[in-house]
Amino acid sequence: MSSLIDGTRSRPTSSRPGRGRTGGGRVGGGRPAPNPDLARKLLTVAFRPSGLTMLLIAAVVVVTLVSASSDLTGTFGAIATTWLVIHQVPATISGVQLGVLPLLPTAVMMWVVARRCASTAVHTDSRDDTLRLVGAAVAGPLTITAIALAVVADASAAIPLSSPNTLAAFGWVAGIHLIAASVGVAAAHWDRVVAEIPPWASAAVRPATAASAALLAAGAVAVVVSLLVSWSTVGDLLARGNGFVGVLGLTVLSLLYLPNLVVGAAAVMTGSTADFGNVSISVFGNIGGDLPPLPLLGAIPEGVAGGIWPVLLIVPAAVGMMLGRDCARRIAGQDSVLAVLTAAAGAGVVMALLALAAGGDLGQFGTVEVLWWGFGLLTFAWLGLFGTVSALFAMWFSHRGHMKDEVAPPTAEPARTVEPELAITAAATPEDEDDENTGEVLAQESAVVVTKVVEAEIVEESGEPVQVVTEETVEIEVVDAEVVAAPEADLTADSAAGAEPETDLPSKPQKSSD
């Protein structure tokens, strides 16, 4: 990767005044200019995803116009408007504003941009090159947006199409591509990002992503189940297509708006309210009304909510418990609570942004919206509360396990054969009977219990065994016994003579056990 920086060729300093380029490959004597290879990659990031999107849009628009037996008068205006619609810019057709725009094309385009930025960011090893990459990812789409706005303004004279708000158009395009490029670059340089943020913040990223995905997955399951339950209504709406082309168009349109309905279902599960014009849906009660004849909207339940509907609130609680467990596994101690709160806040921001993008005006049917800030706050509350409880329980169990490990006795080692002290009266030899001039030890009346006695032999000088003891437990009473030891001189003489020891037992006098 360093070759990208070293590959910049230094050029001779120009003697002409007023030139902005100096030697060493630097622009204006300041930051180093990107090398040709990196410049080519930046151009690819800027215009390749957007160019491919425009080609795909053009193909879809032409096929749609031809299928509808329409003339191609407003083809360029339709292509430019579709580009803006993909970026969630409201379109106004025949004086009616269409603000509810499908999320699926936007999500696919963001994924493509993030992948492209991630693959290019691998070849950038400096902060300046990374900033150039993000800037290129935003500058290219903004250029195409400026052209699209000009085309729409020109086409409005031939077709009933109004120009959107210019500031809103540039804002939506810049925001969408900035988020996608930032995610791609952060994924490519995740090790650097982790080194620059606190540990509890880095530990919260993946749990927050998993929690957001879990909420959306629960919403998708709810939508699919509702579609299956209301399949007869969905079939009646599809039959209004009057032919294969009409049915295909309604099916494709329903698939494009499927993520919007999933976001609404997830919002309802957290206790928020989803409004479709006059229709209001909540786990605590519904308000009926008219809906557009879109087959996907057949999943909206009829009648008044109630009964077991509040049981759906267990979904965000379970997701919060999962979030707390994941954070506690990634980081220990009180930092796990900070990670939980950070992850809950991140998931709340994501849900609020999705709710903001999923809604909008729907002409005569009114406004389709989820209270985006309410959805974000409820998501943060559910995940933060139950996630904190789960993390605290995990900390308590972990601390309890460590205490058990500290109190637990050490692992038992294999028993070693220990020869205990024995109180055994051996057969006295003539030498011991003659030596009575040593000190005497008076032992009080006591009992000595030997827990284990190994096989012992008492051997006389002749080498023949006299007595063998194999008892497991031997109890011996010693009553006022005198133990007489041999004099040192005799012992020295005996050792010098090479005499064998009388027994395998200690030759020193035994002490009383008390």
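Scroll up for the structure.
Note that the structure is predicted; figures quoted are calculated from it, not measured.

### Side note on the sheet that holds strand β9 (residues 367-370)
Okay, step 1: Read from one edge to the other, the open sheet built from four strands follows the order β7-β6-β9-β8, with strand pairing classed as antiparallel. Two strands bound the open sheet, and with one partner strand each, they are β7 (279-281) and β8 (360-361).
Okay, step 2: Examined bridge by bridge, strand β6 (residues 274-276) and β9 share three bridges and lie antiparallel to one another. Looking at β9, one finds that Phe 276 is bridged to Val 368.
Okay, step 3: Of the strands in this sheet, β6, β7 and β9 touch helix α12 (residues 258-269), which is tilted by about 135° from β6.

### So, the environment of Leu 377
Okay, step 1: Considering the arrangement of structural elements, one finds Leu 377 in helix α15 (residues 372-407).
Okay, step 2: Under the relative-accessibility criterion, Leu 377 is labelled exposed at 53%.
Okay, step 3: As for Leu 377 and Ser 272, which are separated by 105 residues in sequence, their C-alpha atoms are 9.8 Å apart.

### Brief notes about the environment of Thr 273
Okay, step 1: As for its placement among the helices and strands, Thr 273 is situated in the loop between α12 and β6.
Okay, step 2: Separated by 97 residues in the primary sequence, Thr 273 and Val 370 place their C-alpha atoms 6.3 Å from one another.

### Considering unusual backbone geometry
Okay, step 1: One non-glycine residue, Gln 88, adopts positive backbone phi at about 65°.
Okay, step 2: Although it is not a glycine, Ser 94 adopts a positive phi angle of roughly 55°.
Okay, step 3: Note on placement: Ser 94 falls in the loop between β3 (91-93) and β4 (96-98).

### What about a nonpolar patch on the surface?
Okay, step 1: Together, Ile 179, Val 183, Val 349, Leu 353, Leu 356, Leu 371, Trp 372, Trp 373 and Leu 377 make up an exposed nonpolar region whose accessible area comes to about 870 Å².
Okay, step 2: Taken together, the elements giving at least two residues each to the nonpolar patch come down to α6 (166-188), α14 (335-358) and α15.

Rules behind the numbers
- Residues numbered from 1 in each chain as written.
- Predicted model: local features only at pLDDT ≥ 70, side-chain atom pairs only at ≥ 80, totals over all residues.
- Heavy atoms only, no water.
- Pairing = 2+ DSSP bridges.
- Helix = DSSP H or I, 4+ residues; strand = E, 2+ residues; numbered from the N terminus.
- Contact = heavy atoms within 4.5 Å.
- Axes fitted to C-alpha atoms, helices over the stretch in contact; angles between N-to-C directions.
- Buried < 20%, exposed > 50% of the residue type's maximum accessible area, 1.4 Å probe, protein only.
- Patch = residues over 30% accessible without salt bridge, like charges linked within 9 Å, V, L, I, M, F, W, Y side chains within 5 Å.
- Areas by Shrake-Rupley, 256 points an atom, 1.4 Å probe, with all protein chains shown as cover.
- Salt bridge = Lys/Arg side-chain N within 4 Å of Asp/Glu carboxyl O.

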